[in-house]
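Chain residues, written in single-letter form:
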Amino acid sequence: MRIQSSLSSSLLFSSPLLTGLASASGFDCQNIIAEGYKYDLYGLNGVHTLYHVDKTEDYIVNTTYVLDICKALGKASIRGDLKCGTSKNICGFQYKYAVDGSEEISHAFPIVGLDPMGHGSKDPEVTRLKGDGQEGLLVKLAGGEYLDKDKKKKDARAVIEFQCDPDRSGLEGLASVENGSSDEETRRRLVVREGEGEGEGEGEGDKDKEKTDPNDGSDPSRSLQFESFGPADDDTYVLKLKWRTRYACDNYVRDRKGDGSSHWGFFTWMIIILFLCIAAYLIFGSWLNYNRHGARGWDLLPHGDTLRDIPYIFQDWLRRVINTLQGSGSRGGYSAV
């Protein structure tokens, strides 16, 4: 039985338990293993948005996709009056407008995620891309549902193709949620108003505007690309995305660890060399004192007297510091005779 209370869901998934539940669902973006290769996609974490516009003679459909592949969306799954579910990883927010302005329909639908109580599974499937110059991952995630045109519930899922691109972090062209959502309503209205059959010239200008919009899923400069959303052969609705990033390269994790170990190796070797120098000094000095002076015990150590006096030297130094601090705090003046 699902609890539909938004308050209960918010309280549950605002806690640190949410991350653990998401990991328990079978997909951990920081630890992906495919055919012996390890991938870490945590560099792509965070809430990202992209949108896609479909136009027909009668309607303009603007769909905004909000996703976070590493953890649940939380508050980002709520946009205005539309709620998708705080336990979801990918949500769609669809706005459908009649060209003549007579009708406006909006609804939200989950594509990937857990149920409202954090149970279930996203049924992850990870496949390593190889051959024909390809390198990367194909990730399939489920857990959503979509109402088709006949108002029937259909399962929804996402297929994300992470393509290896050493020159891209994967965040190029992605706007933050705050920047993306602040003008969302204005952008939707603008698309509708400019698309209300005001001439072919303006329609072409509208298309150019959409192509240059930094949040448009078809902008080629963006690392995250919208491919399609629609019914598949198995009667489910599938969102297809392409994501170019260095984190999808086969050897990125291995090479990054190698770079990190080389930096730490310098300090490690410096400490080892320093230790060896001190050890050689003590051993050589002890051997010299034994052979020259027949020393035993503490007398074997070079500068043994100084080493034995270190505690007393430290006490004297500490006493001087205390006396200095106490003396600096006293007030000057004449003392009574």
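Now for a quick tour of the structure.

Conventions and cut-offs
Residues numbered from 1 in each chain as written. Predicted model: local features only at pLDDT ≥ 70, side-chain atom pairs only at ≥ 80, totals over all residues. Heavy atoms only, no water. Helix = DSSP H or I, 4+ residues; strand = E, 2+ residues; numbered from the N terminus. Buried < 20%, exposed > 50% of the residue type's maximum accessible area, 1.4 Å probe, protein only. Lys, Arg positive; Asp, Glu negative; His and termini not counted. Salt bridge = Lys/Arg side-chain N within 4 Å of Asp/Glu carboxyl O. Phe/Tyr/Trp six-rings, centres within 6.5 Å; stacked < 30°, edge-to-face > 60°. Contact = heavy atoms within 4.5 Å. Patch = residues over 30% accessible without salt bridge, like charges linked within 9 Å, V, L, I, M, F, W, Y side chains within 5 Å. Areas by Shrake-Rupley, 256 points an atom, 1.4 Å probe, with all protein chains shown as cover. Disulfide = S-S within 2.5 Å. Charge placed at Lys NZ, Arg CZ, Asp CG, Glu CD.

## Comments concerning the side chain of Asp68
Point 1. Its location among the elements puts Asp68 in the loop between β4 (59-67) and β5 (78-79).
Point 2. Buried within the structure, Asp68 lacks any salt-bridge partner; its nearest side chain of opposite charge belongs to Lys71, at an N-O separation of 5.2 Å.

## Overview of the packing of aromatic side chains
Aromatic ring pairs are reported here in terms of the distance separating the ring centres and the angle at which the planes meet.
Point 1. Inspection of every chain in the model, using the stated rule, returns eleven aromatic pairs.
Point 2. When the ring of Phe109 is compared with that of Tyr146, the centres are 4.8 Å apart and the planes differ by 80°; the resulting orientation is edge-to-face. Of this pair, Phe109 sits in strand β8 (residues 104-113) while Tyr146 is found in strand β10 (residues 134-147), placing the two residues 37 residues apart along the sequence.
Point 3. The interplanar angle of 85° and the centroid separation of 5.3 Å between the aromatic rings of Tyr247 and Tyr252 together place this pair among those described as edge-to-face.
Point 4. A residue is classified by how much of its surface remains accessible, and Tyr252, at 22% relative accessible area, is partly exposed.
Point 5. Ring-pair connections join several aromatic residues into one group, and the members of that group are Tyr65, Phe109, Tyr146, Phe226, Phe229 and Tyr237.

## A short note on the side chain of Asp165
Point 1. The topology assignment puts Asp165 in the loop between β11 (153-164) and α3 (177-182).
Point 2. Relative accessible area serves as the criterion here: at 16%, Asp165 is assigned to the buried category.
Point 3. Leave out the neighbours within four places in its chain, and Asp165 touches Arg244, Thr245, Arg246 and Cys249.

## Details of a nonpolar patch on the surface
Point 1. On the surface, a nonpolar cluster with roughly 590 Å² of combined accessible area is contributed by Phe314, Trp317, Leu318, Val321, Ile322 and Leu325.
Point 2. Along the chain, Phe314 falls in helix α7 (residues 304-329).

## Comments concerning the environment of Lys83
Point 1. Inspection of the secondary structure puts Lys83 in strand β6 (residues 82-83).
Point 2. Its relative accessible area of 53% is what places Lys83 among the exposed residues.
Point 3. Through-space distance from the C-alpha of Lys83 to that of Phe93 is 8.8 Å; in sequence the pair is ten residues apart.

## A word on the pattern of salt bridges
Point 1. According to the stated counting rule, one finds eight salt bridges in the structure shown.
Point 2. One salt bridge in this structure joins Lys130 and Glu35, with 3.1 Å as the shortest N-O distance. Of this pair, Lys130 sits in strand β9 (residues 125-131) while Glu35 sits in the loop between β1 (32-34) and β2 (37-39), placing them 95 residues apart in sequence.
Point 3. For Glu35, a relative accessible area of 48% corresponds to the partly exposed category.
Point 4. Measuring nitrogen to oxygen at the nearest pair gives 3.5 Å for the salt bridge that ties Arg168 to Asp165. An identical accessibility class is assigned to Arg168 and Asp165; each is buried.
Point 5. Taken together, the shared-partner salt bridges in this structure form one network comprising Glu35, Arg128, Lys130 and Asp250.

## A few points about the state of the cysteines
Point 1. The full count for this structure, using the stated rule, is three disulfides.
Point 2. Each sulfur of the disulfide joining Cys29 and Cys70 lies 2.2 Å from the other. Here the disulfide of Cys29 and Cys70 is right-handed, its torsion about the S-S bond being about 115°. Linking Cys29 in the loop between α2 (17-24) and β1 with Cys70 in the loop between β4 and β5, this pair joins segments that are 41 residues apart in sequence. Like Cys29, the residue Cys70 is buried in the burial classification.
Point 3. Sulfur-sulfur distance for the disulfide between Cys84 and Cys91 comes to 1.9 Å. One disulfide, between Cys84 and Cys91, carries an S-S torsion of -85° and so falls in the left-handed class.

## What to know about a negative patch on the surface
Point 1. Together, Glu57, Asp58, Asp100 and Glu103 make up a negatively charged patch on the protein surface.
Point 2. The residue Glu57 is located in the loop between β3 (48-55) and β4 in this model.
Point 3. According to the relative accessible area criterion, Glu57 is exposed, its value standing at 75%.

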